[in-house]
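As a plain string of letters, each chain reads:
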Amino acid sequence: MVPKELKYSKSHEWVKQEGNNVVIGITDYAQEELGDIVFVELPKIGRQLKQQESFGVAESVKAVSDLFSPVSGKVVAINETVGKQPELVNKEPYTGGWMIKVEIAAAGELTGLMSAEAYEKLINEGSK
Amino acid sequence: MTLKPANGANKRIWRLLVDGPQDGAWNMAVDEVLLQQRKAGAGISTLRLYSWQKRTVTLGYFQRIDKALAGFCGQNNIDLIRRPTGGGFVLHDQELTFSLVFNRQDLRARAQHQAVEYFRVIATCLQKALLSLGVPVSLEENVFSGKDNNFFCFNNPTKYDLLVDGKKVCGSAQRRYRDTILQQGSLILRTPGDPAFWQKATGLEEVLQQKISWPEICAALQKSFTAELRLNFIPGALTEAELIMARQLAAVKYTQASWNYQGYYQGEHA
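Residues numbered from 1 in each chain as written. Chains lettered and ligands numbered in written order. Predicted model: local features only at pLDDT ≥ 70, side-chain atom pairs only at ≥ 80, totals over all residues. Heavy atoms only, no water.

Engineer: I'm lost on the overall build of chain A in this one. Help?
Structural biologist: Across its full length, chain A carries 5 helices and 9 strands. With respect to the three principal axes, the spread of C-alpha positions in chain A is 35 × 35 × 20 Å. Across the 128 residues in chain A, those meeting the buried criterion constitute 59%. Summarising the internal contacts of chain A: among those between residues at least 6 apart in sequence, 61% fall at separations of at least 24. (Helix = DSSP H or I, 4+ residues; strand = E, 2+ residues; numbered from the N terminus. Buried < 20%, exposed > 50% of the residue type's maximum accessible area, 1.4 Å probe, protein only. Contact = heavy atoms within 4.5 Å.)

Dropping the structure here:
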């Protein structure tokens, strides 16, 4: 399940552009790899992120995993619902399980992200 | 430290660190520094074996402080430290504690897509080491969700924990940063006299009904990991840079109430 309209990072985050902002979450492949997510910690609104910086962590099966921002910019919104219902990341990774919204600082970074086709190829190769 | 395999052999080189008893803040700081260095490409994969200067409770990264637990620690002069890894709280007393820091490439041949598989690979090494010591240990198959925020690690066996007759003898938790993994684990030697903590746990010496020495366990672990993961251990020490980083991290993080006593939602990323 790789939605065609989104962009993807090698570290399995998805990005949806909305004007000058992007919505960021983790992919279905990533949530499946992590297993049942029981806690999510997200950044404060206003935090400046650099591309590939850790913006939060998620715990699944006694493992805390860092989450990475595919773009640089300022956090303008977080999904507080996943803090209370972390299972949404497993159930609806591309919709209700979104994590943060970032005002992009460098639009050029988006062109370095993968298309759905390229990402699908990456995960198919990775799981062989 | 630059180490290359001798004669182009297939085996990977890992560092073996055997530490004496240390305080809790230092123990957690060292483990986090090993992770930071490995993920930055400056360190090598490491198996560290250590223990505790005094009884210490460590909390999982996301656990809230339970008033009863904080009171118990205060009344009994037990330190309370938050780990960088997940899971439930652990009372470190008479145990051998281990940490493994490695890149997932190091285990690629054995571990598949699901991240929990890394627990299985490590658990298999631990199991074979304990079997070689005569401990009839098996791996837990069921998953405990960990959604209860105040759970005690040794009362809640989960998948790939090590059990003897249904009682947990070894538990682990992880921190993952991209492809680099820190796994911390506790191997119980003797369960102390607090029955409330140890209803579902046991220790190696209770199972074997005899004392077991640290060198004996260390040798068994080294042998098992060497064979199972096809690697070579080089006995080593922390580098000067790692020592400096660990001192700093212990001072600014693991001795601070802002880290150890925080609610989980005001964590590292707030």
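Engineer: I keep staring at the overall build of chain B and nothing clicks. Help me out?
Structural biologist: Regarding its fold elements, chain B presents 8 helices and 11 strands. Per-residue burial over chain B gives 58% buried out of 270 residues. Working note: accessible area of chain B is about 11100 Å², and carbon and sulfur atoms make up 49% of it. (Areas by Shrake-Rupley, 256 points an atom, 1.4 Å probe, with all protein chains shown as cover.)

Engineer: Can you help me understand the sheet that holds strand β3 (residues 56–59) of chain B in this one?
Structural biologist: Paired through backbone hydrogen bonds, the strands of a sheet run either parallel or antiparallel to each other. Residues and elements named next belong to chain B. On the basis of which strands lie adjacent, the open sheet formed by 3 strands has the order β4-β3-β5 and mixed pairing. Strands at the two margins of the open sheet, each flanked by one partner only, are β4 (79–82) and β5 (90–92). Adjacent strand axes in the sheet meet at a mean angle of 25 degrees, parallel and antiparallel pairs treated alike. Bridging between β3 and β5 involves 3 bridges; their strand directions are antiparallel. (Pairing = 2+ DSSP bridges. Axes fitted to C-alpha atoms, helices over the stretch in contact; angles between N-to-C directions.)

Engineer: Looking at this structure, I do not really get the interface of chain B and chain A. What am I missing?
Structural biologist: Taken together, the 31 residues of chain B in the interface contact 29 residues of chain A. Summed over both partners, the interface of chain B with chain A comes to about 2800 Å²; 54% of that surface belongs to carbon and sulfur atoms. We note a salt bridge from arginine 104 of chain B to glutamate 33 of chain A, for which the minimum N-O separation is 2.5 Å. At 6 residues, strand β9 (residues 167–177) of chain B tops the list of elements feeding residues into the side of chain B that touches chain A. When grouped by side-chain class, the residues that make up the side of chain B that touches chain A number 11 nonpolar, 13 polar and 7 charged. Bridging between strand β7 (residues 63–68) of chain A and β9 of chain B involves 3 bridges; their strand directions are parallel. (Buried area = accessible area lost by both parts, 1.4 Å probe. Salt bridge = Lys/Arg side-chain N within 4 Å of Asp/Glu carboxyl O. Nonpolar A, V, L, I, M, F, W, Y, C, P; charged D, E, K, R; others polar.)

Engineer: Just to check I follow, could you spell out the confidence of the model for chain B for this structure?
Structural biologist: For chain B, the average pLDDT comes to 87, and 87% of its residues sit at 70 or higher. A low-confidence stretch, residues 1–8 of chain B stays under pLDDT 50, and its non-local contacts, those more than four residues away or across chains, total 9 contacts. (pLDDT = per-residue confidence, 0-100.)

Engineer: Any chance you could explain helix α2 (residues 67–75) of chain B here in plain terms?
Structural biologist: All names here are of chain B. For α2, the full list of buried residues reads Leu69, Phe72 and Cys73. Taken around the axis of α2, the buried residues stretch over an arc of 95 degrees, which confines them to a single face. Exposed residues lying more than 90 degrees from the buried face of α2 are Lys67, Ala68, Gly74 and Gln75. Following α2 by one or two positions, asparagine 77 adopts a phi angle in the positive range, close to 55 degrees. (Arc of directions from axis to C-beta.)

Engineer: I would appreciate a short explanation of the nonpolar core in the present structure.
Structural biologist: Looking at soluble globular proteins, one finds that nonpolar side chains tend to be buried together. Residue and element names in this part refer to chain B. Ranked by internal contacts, the top residues of the largest apolar core, which has 44 residues, are Leu130, Leu162, Leu204, Ile217 and Phe225. For this core, the element with the highest residue contribution is helix α3 (residues 117–132), accounting for 9 residues. Once residues lying within four places of it in the same chain are set aside, the contact partners of leucine 162 are Ala123, Leu126, Gln127, Leu130, Val137, Ser138, Leu139, Lys167, Lys168, Val169 and Cys170. Membership of the second largest hydrophobic core comes to 26 residues, among which are Ala29, Leu182, Leu238 and Leu249. (Core = buried A, V, L, I, M, F, W, Y, C linked by side-chain atoms within 4.5 Å.)

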